[in-house]
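Each chain, letter by letter, is given below.
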Amino acid sequence: METRDIHIPPPEVAPPFATNIEPSVDSATWRIVRRRLLDARIEIILIIALGVAVFAPGLARAPLLDWDEATYVQIVRESITSRNYLDFSWNGAPYLKKPPMLFWVVAGSFKAFGESEFAARLPSMICALLTMLLLYASACEVGGRISGTFAAIIPLGFYFFV
C-alpha cells in the first residue's frame, strides 16, 4: 500500500494593516445598498435642498417663539452652567418631562456654535431633514422612488412640521 503526502496549505492571514477591508455585510448586500444610494442621489439632493430652503430662513430668527422652545433652551443653559448633564432642572426644579437626548444635542450645539437662536434650532432642523430622508427610504420600499420623493416633500406643507 502506497502512502501519499497530503499537503494542507496554511490559512491565509491578512496583513495587519490591510487597505481593502470589506464591510461586515456580504458583498452582494453591500452592492445592492450602494447601487440604491447611487440611484437615489438626485432625489436625496432634492429633498435636502428643499428642506434647507424651507427650514434655514427661520434658524436665526429672534427671539425663541414657542413656550417649549424657550423652556428647553433654559434647561440646557442651566445644565451647562451647573455642568450636570444627567439631572436637568428648569428654574431650579427637576425637569423630567422629556428624554435627555434633545437636551444633550442642544448642549452640544451650544458648545459648538455658542448660545444663540441658530444653535438652539439647528438640531431640530437636522432631525427634520433626517425624518424626511427616512420617509423617502420607507416610501421607496413600498411605492418606488417617485412616491418616496413625494412622501418626503409633503411634510414641508404641514404647519407643525415646519
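Just so it is clear, the structure is predicted and the values come from calculations on it, not from any experiment. Per chain, residues are indexed from 1 in the order of the written sequence. Where totals are concerned, whole chains, interfaces and linings use all residues; where local detail is concerned, this predicted model gives features only for residues with pLDDT of at least 70, and gives and counts side-chain atom pairs only at 80 or more. Only hydrogens and water are set aside; all other atoms, that is, all heavy atoms of the structure, feed into the side-chain values.

Draft legend 1. The arrangement of the overall build of the chain in detail. Counting its regular elements, the chain contains six helices and two strands. Going from N to C terminus, the chain has its helices and strands arranged as α-α-α-β-β-α-α-α. Counting the 162 residues in the chain, one finds 24% classified as buried. The long-range share in the chain, meaning contacts at least 24 apart out of those at least 6 apart in sequence, stands at 58%. Note that accessible areas follow from Shrake-Rupley with a 1.4 Å probe, and for residues the cover is restricted to the protein chains shown. Total accessible area computed for the chain in this model is approximately 12200 Å², and 65% of it derives from carbon and sulfur atoms. Helical segments are the DSSP runs of H or I of at least four residues, strand segments are the runs of E of at least two, and each set is numbered from the N terminus. Exposure is judged per residue with a 1.4 Å probe applied to protein chains only, and the accessible area is read against the type maximum: over 50% gives exposed, under 20% gives buried, and values in between give partly exposed. Residue contacts follow a heavy-atom distance rule, with two residues in contact if any of their heavy atoms lie within 4.5 Å.

Draft legend 2. Structural context of the pattern of salt bridges. Counted as salt bridges are all cases of a side-chain nitrogen of Lys or Arg within 4 Å of a carboxyl oxygen of Asp or Glu. Overall, the coordinates contain three salt bridges when judged by the stated rule. We note a salt bridge from Arg-121 to Glu-69, for which the minimum N-O separation is 2.8 Å. Linking Arg-121 in helix H5 (residues 117-143) with Glu-69 in helix H3 (residues 67-82), this pair joins segments that are 52 residues apart in sequence. A residue is classified by how much of its surface remains accessible, and Arg-121, at 7% relative accessible area, is buried.

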